[in-house]
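Next come the chains, spelled out residue by residue.
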Amino acid sequence: MPNTEFELLTYNKNIFINGAALVVILAMAIWAATNKHKVREMKMFIRMCVLTAGIAVADVVYYMEIIRIDGGDASTLINIAWLLIDVCGFLLVGQWLLFVEYSLHQSNDVIKRDYKYIMIPFWIAVALIVSNYLFYNDFFFNLAPNKEAFGLIGGVITRVFQAVAKDVMAFYYIFAFYLVIKEKKRIKIPNYVVISPTVICFVVGMYYDKDYMHRVQSIFFTLGLFLIWFFMFRRFDYMDPETGFFTEKYIKVLSKYYSKSAERGCTVIRFITKGDIKKTADIIKEWVPDDARSLVLDGGRFLVVSESLDKAMVKQYMALIKAQAAEEGIELEADSAMRTDEPIEEFFAKLVEKQGY
Amino acid sequence: MSIIEIDEDNIEEYADIVDQDIAENMERTYFRGLACHDPGDDSVKSAMIWELQSVEKDTDTESRIDWIYADGIDNLESLLEAYKEKVTEDEVKRSFFEIPSLDEQIGSALGGCGFDVESVESRVVRLTVDELAANPLAKKKAPDFVQSISGLDIKSYHQGVMKLLFQPDACPLEDMCYIPKNWFDQDVSCYVTTDGKVNGFLLIHEFPSGILMPLFLRASGPDASHHIAYMMIYSMQKAAEKYPGDRVVLVKRRAANIEAIVNKLFPGKKGLPATAGQRKE
């Protein structure tokens, strides 16, 4: 309760801080909603924005209500604000985990298969918190024969349940971080590790509790969201929204990757079409793995880059993809090139030239 | 002696001497064969079948001799001379073999022709369907997304194979991208899907003799190792349902991952005794 000028100032400041967080969250949510990259991660990101906004709004309501009651009776609105903060926090960690998992694997089935049981601790923690709210509230307090004991026991149980819930949530944030580290070598898309600092923000946000400053966790969560936004922004810089393939910008990343090892095989199949770009990309996607490096360049050109294709397989690929394109009425030319002794940048530069290789 | 090239068109003429399982391979892209005939009565005095390896790769082309026959050691020399000419044309840099139960005299003769010959434990492990069924792995349940390839359309089969071949060291089979779906046992071979796309295969071939041999085991994606286990469970169970318990299953430990799996599931199981050799060409 704000019974000093300092506390009042602190509470007003927290309202201002949460309000600022809301503005940032809104801006990021609008970016995601209007982005031309229509990918599943955008919807997940918007949900995380909504949930973090929910926490910030609940904080604002909490402080405004505390100031309003000014040391008076307990307020139902304060209890609702606490409940909203906890519920949004739980949903946020679940959504964050799904976001990381989907970003790494781009697969709905992997999520369904891998997360059949892993969310059990999560639901147990949710059940504990919800049951706590159902019983430790003003209604039952007023019915309790011994209000002091009810308050004492209820308070202890609440703290224990909340501690368990926080630890479960922290576990999931750290588990997502572990997934990123584990998958870092397998995933060839650059800079996924940028997700990692966001974990620090979320975990600090959950545990930060400094006297009357504790209700600024929305700032840490907003910072975490900002870092996610930045990661997505950088990633989409390399990707073509229409086809989902990498753009010509990605060749710099490829050159860097291949220049680290002169022995690393590099075979490129190039396709050129005058037909529909999206349809052609969809045909190519049917034949190359999802984690292969497929690029789309201007002028209806595509590059498929592999470390391991030999001449026989290259011929097969070209033949199969051209055959399917022909079935669908798309004219497609194809050729291929294998890395030689020339510098990798020159190798790619020749492939990107509009005149044939 | 007259030298005749053996191919899929005339292999049946050698049915009396060529093992039927070896003969079936003449349909495949990189298998070659030679036979040495007596000019008098046209009887076959010696013959051999080999497979070219790394033909269209950046590494040196090699030749793996799978079968060799001689009616008397004296008849081997002409055959090996003709073989030398043939592999030189194909730019083969090294020849090698690992043949179980190779005739000792033939082995010695090969040693005399420049091969470094030794007795080895073959990479091929002999199992039976009963042994597979008795393995604890076969008692587990395979999930619903593992299915037999009988229901898989040709296009999805080719797409799945090509995607899996995209990985480095994906398959020791030289001609995997050319082998049709119906070459594999349709009920025991299986595949897995993720998000509606094939991303794992366990393909098993039934040779004319009835011997079963897994030839392609590969999966991709984050759950690849789990999928491989699931496919093995599925195939072990289907094999037990379809074939009698004494049906032979030969598992060739072609790659490190297959060797690791066999060693784990069947610890102590040794490969067949074989004669191996190699020489530079």
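Counting starts from 1 at the beginning of each chain's written sequence and moves along it residue by residue. Lettering for chains starts from A, numbering for ligands starts from 1, and both go in the order in which the items are written. Reporting in this predicted model follows two pLDDT cut-offs: at least 70 for local features of residues, and 80 or more for side-chain atom pairs to be given and counted; totals over whole chains, interfaces and linings ignore these cut-offs and use all residues. Note that the side-chain values use all heavy atoms of the structure and ignore hydrogens as well as water.

### Digging into the overall build of chain B
Which entries qualify depends on this criterion: Segments assigned H or I by DSSP are reported as helices when at least four residues long, segments assigned E as strands when at least two residues long, and all are numbered from the N terminus. In this treatment the radius of gyration is a C-alpha quantity, and the globule benchmark scales as 2.2 Å times the residue count to the 0.38 power. Contact criterion: two residues are considered in contact whenever any of their non-hydrogen atoms come within 4.5 Å of each other. Reported accessibility uses the Shrake-Rupley method at a 1.4 Å probe radius. Residues are deemed covered only where the shown protein chains occlude them. The convention is simple: Lys and Arg are positive, Asp and Glu are negative, and His and the chain ends are not counted. Where a charge sits is defined by one atom per residue type, namely NZ (Lys), CZ (Arg), CG (Asp) or CD (Glu).
Counting its regular elements, chain B contains seven helices and twelve strands. Relative to its length of 281 residues, chain B is compact, with a C-alpha radius of gyration of 20 Å against a globular reference of 19 Å. Relative to all contacts within chain B whose residues are 6 or more apart in sequence, the contacts with residues 24 or more apart total 71%. Counting every atom, chain B has about 12900 Å² of accessible surface; 47% of that belongs to carbon and sulfur. Taking the average location of the 30 positive side-chain charges in chain B and that of its 50 negative ones, the two points are 10 Å from each other.

### Here's the deal with unusual backbone geometry
Residues and elements named next belong to chain B. Positive phi, normally seen in glycine, also occurs at D42, with a value near 65°. Mapped onto the elements, D42 comes out in the loop between β2 (31–37) and β3 (44–53). With a phi close to 55°, S101 is a non-glycine residue in the positive phi region. Along the chain, S101 turns up in the loop between β5 (92–100) and α3 (104–112).

### Here we look at the interface of chain B and chain A
Where we set the bar: The term buried area refers to how much accessible surface (probe radius 1.4 Å) is lost by two components on association, counted for both of them together. For salt bridges, the criterion is a side-chain nitrogen of Lys or Arg within 4 Å of an Asp or Glu carboxyl oxygen.
Between chain B and chain A, the contact holds 25 residues from the first and 32 residues from the second. Summed over both sides, the interface between chain B and chain A buries roughly 2400 Å², with carbon and sulfur atoms accounting for 56% of that surface. Contact with chain A buries surface across chain B, with E56, M162 and F166 of chain B losing the most and accounting together for 30% of the total. Taken together, the connections running from chain B to chain A amount to one salt bridge.

### Let's talk about the packing of aromatic side chains
Residue and element names in this part refer to chain A. Rules: The pairing test for Phe, Tyr and Trp rings, Trp by its six-membered ring, is centres within 6.5 Å, and the orientation test on the planes gives stacked under 30 degrees, edge-to-face over 60, and tilted for anything in between. Here, a charge over a ring is recorded when the distance from Lys NZ or Arg CZ to the ring centre is within 6 Å and its angle to the ring normal is within 35 degrees.
This structure, assessed with the given rule, holds 27 aromatic pairs over all chains. Centroid distance F175 to Y178: 5.9 Å. Interplanar angle 35°. Geometry classified as tilted. Residue F175 and its partner Y178 are located together in helix α7 (residues 147–183), separated by three residues, close to a single helical turn. In textbook terms, an aromatic cluster arises when at least three aromatic residues are bridged by ring pairs, as seen for F90, F122, W123, F171, Y172, F175 and Y178. Looking at R40, its charged tip hangs above the ring of Y102, at a distance of 5.0 Å from the centre. Of note, R293 hangs over the ring of Y257, and the distance from its end group to the ring centre comes to 4.1 Å.

### With respect to empty space enclosed by the protein
Filter applied, for reference: Using a grid of 1 Å spacing that covers the protein atoms alone, one calls a set of points a cavity when a 1.4 Å probe fits there but cannot get out, and a pocket when the set is open and has protein on both sides within 12 Å along at least five of seven lines; lining residues are those with an atom within 4 Å of a point. Grid points are joined across faces, edges and corners, and a volume is the space filled by probe spheres set on the points. Nonpolar residues are Ala, Val, Leu, Ile, Met, Phe, Trp, Tyr, Cys and Pro. Charged residues are Asp, Glu, Lys and Arg, and all others, Gly as well, are polar.
All told, the structure shown has two cavities of 30 Å³ or more when counted by the stated rule. Volume-wise, the second largest cavity comes out at about 40 Å³. Lining the second largest cavity, in full, are D310 and A312 of chain A together with Y30, S54, V55, E56, K57 and E174 of chain B. When grouped by side-chain class, the residues that make up the lining of the second largest cavity number three nonpolar, one polar and four charged.

### Notes on the side chain of R247 of chain B
All names here are of chain B. Selection rule: Throughout this description, a polar contact denotes any pair of N or O atoms lying within 3.5 Å of each other; where both atoms belong to protein, one of them has to be capable of donating a hydrogen while the other can accept it, and for residues adjacent in sequence the pair is counted only when both atoms sit in side chains.
With respect to the secondary-structure elements, R247 resides in the loop between α6 (224–242) and β11 (248–252). Of note is the side chain of R247, whose polar atom sits 2.9 Å from the backbone oxygen of G210. Leaving out residues up to four positions away in the same chain, R247 has contacts with L127, T128, V129, E206, G210 and L212.

### A word on the domain arrangement of chain B
Residues and elements named next belong to chain B. Definition in use: Residue ranges for the domains trace back to a domain assignment, done automatically or taken from a database.
Per the domain assignment, the segments making up chain B are domain 1 (2–114) and domain 2 (126–271). Here domain 1 and domain 2 have C-alpha centroids that lie 29 Å from each other. Domain 1 puts 16 residues into the contact, and the matching count from domain 2 is 13 residues. Both faces combined, the contact of domain 1 with domain 2 buries some 1200 Å², and carbon together with sulfur accounts for 43% of it. The largest share of the area that domain 1 buries against domain 2 comes from D21, E24 and R28, three residues that together contribute 46% of it. The interface formed by domain 1 and domain 2 contains one salt bridge. A salt bridge links D175 to R28; the nearest nitrogen and oxygen atoms lie 3.0 Å apart. At the level of secondary structure, the elements contributing two or more residues to the side of domain 1 that touches domain 2 comprise α1 (20–24) and β3. Of the residues in the side of domain 1 that touches domain 2, the class split is three nonpolar, five polar and eight charged.

### Details of the confidence of the model for chain B
Residue and element names in this part refer to chain B. The following threshold applies: pLDDT gives the predictor's per-residue confidence on a scale running from 0 to 100.
Of the residues in chain B, 98% have a pLDDT of 70 or more, and the chain-wide mean is 92. When the elements of chain B are averaged for pLDDT, helix α7 (residues 256–265) gives the smallest value, 88, and strand β7 (residues 146–148) the largest, 97. In the predicted complex, the global pTM is 0.82; the interface-specific ipTM is 0.78.

### Here we look at the packing of helix α3 (residues 76–105) of chain A against helix α5 (residues 120–135) of chain A
Packed helices, taken two at a time, are described by the angle between their axes plus the distance between the axes. Residues and elements named next belong to chain A. For clarity, the cut-off: Axis lines are fitted to C-alpha atoms, over the contacting stretch for helices. Their N-to-C directions set the angle, which ranges from 0 to 180 degrees. Here the word oblique covers every angle except those under 35 degrees (roughly parallel), over 145 (roughly antiparallel) and from 65 to 115 (roughly perpendicular).
In contact at an axis separation of 11 Å, α3 and α5 are set at 175° when each is read in the N-to-C sense. It follows that α3 is roughly antiparallel to α5 by the angle criterion. For the pair α3 and α5, contact is made by N79, W82, L83, D86, F90, L91, V93 and G94 and by F122, A125, V126, I129 and Y133, respectively. Of the residues in the contact of α3 with α5, the class split is ten nonpolar, two polar and one charged.

### Examining a nonpolar patch on the surface
Selection rule: Here a patch means residues that are over 30% exposed by relative accessible area and free of salt bridges, tied together within 9 Å if like-charged and within 5 Å if nonpolar (Val, Leu, Ile, Met, Phe, Trp, Tyr).
Residues L83, V87 and L91 of chain A make up a contiguous nonpolar surface patch of about 210 Å² in total accessible area. As for its position among the elements, L83 of chain A is in helix α3.

### A word on helix α2 (residues 40–69) of chain A
Each α-helix turn comprises 3.6 residues. Residues three or four places apart therefore point the same way. To keep it simple, the criterion reads: The span you would expect from a helix comes to 1.5 Å times its residue count less one.
Its 30 residues place the ends of α2 of chain A 44 Å apart at the C-alpha level, agreeing with the 44 Å of an ideal helix rising 1.5 Å per residue. D70 of chain A sits one or two positions beyond α2 of chain A and adopts a positive phi of about 45°.

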